[in-house]
Amino acid sequence: MKKQNVRTLSLIVCEFTYLLIGAAVFDALESEKEEEEKQTHMLKRQGYIEKYNISTADYEDFSLTIIKLVPHTAGVQWKFAGSFYFAVTVITTIGNVYFHIVE
């Protein structure tokens, strides 16, 4: 293997390792907070059901109507895949900014 090929392969392995570590850090930092917010939402949901004396089905119908009116992202964001995507976005953004500054 040529020296240039070894260097390129090493850089790819290092960057991929960096991305995996970054994704693991983001996942560890953000997923717990997201779970706490989910629990808070569930407690508020139960509170509204009890406060306004509505059935669970009526509450679900009401909340689905509201959700359809407001654009949102679906699913849990800070799982490992979302964290990996964020790490890639950070690297590419920093690379683009650095490239334009150096240019």
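That block above? That's the structure.
What counts, and at which threshold
Residues numbered from 1 in each chain as written. Predicted model: local features only at pLDDT ≥ 70, side-chain atom pairs only at ≥ 80, totals over all residues. Heavy atoms only, no water. Salt bridge = Lys/Arg side-chain N within 4 Å of Asp/Glu carboxyl O. Helix = DSSP H or I, 4+ residues; strand = E, 2+ residues; numbered from the N terminus. Buried < 20%, exposed > 50% of the residue type's maximum accessible area, 1.4 Å probe, protein only. Phe/Tyr/Trp six-rings, centres within 6.5 Å; stacked < 30°, edge-to-face > 60°.

Draft legend 1. Geometry of the pattern of salt bridges. One pass over the structure, following the stated rule, counts two salt bridges. Measuring nitrogen to oxygen at the nearest pair gives 4.0 Å for the salt bridge that ties glutamate 37 to lysine 33. You can see glutamate 37 and its partner lysine 33 sitting in helix H1 (residues 3-51), four residues apart, about one turn around the helix. Across the pair arginine 45 and glutamate 60 runs a salt bridge, and its minimum N-O distance is 2.6 Å. Note that arginine 45 is positioned in helix H1 and glutamate 60 in helix H2 (residues 56-69), a separation of 15 residues in sequence. A relative accessible area of 14% places arginine 45 in the buried class.

Draft legend 2. Layout of the packing of aromatic side chains. Considering all chains together, one arrives at three aromatic pairs under this definition. With 6.0 Å between their ring centres and 65° between their planes, phenylalanine 16 and phenylalanine 84 make a pair best called edge-to-face. Of the two residues, phenylalanine 16 is situated in helix H1 and phenylalanine 84 in helix H3 (residues 80-102); the sequence distance between them amounts to 68 residues. Between phenylalanine 26 and phenylalanine 86, the aromatic rings sit 4.6 Å apart at their centres with planes inclined by 85°, giving edge-to-face as the arrangement. Taken together, the positions of phenylalanine 26 in helix H1 and phenylalanine 86 in helix H3 put the pair 60 residues apart, joining distant regions of the chain. For phenylalanine 26, a relative accessible area of 24% gives the class partly exposed.

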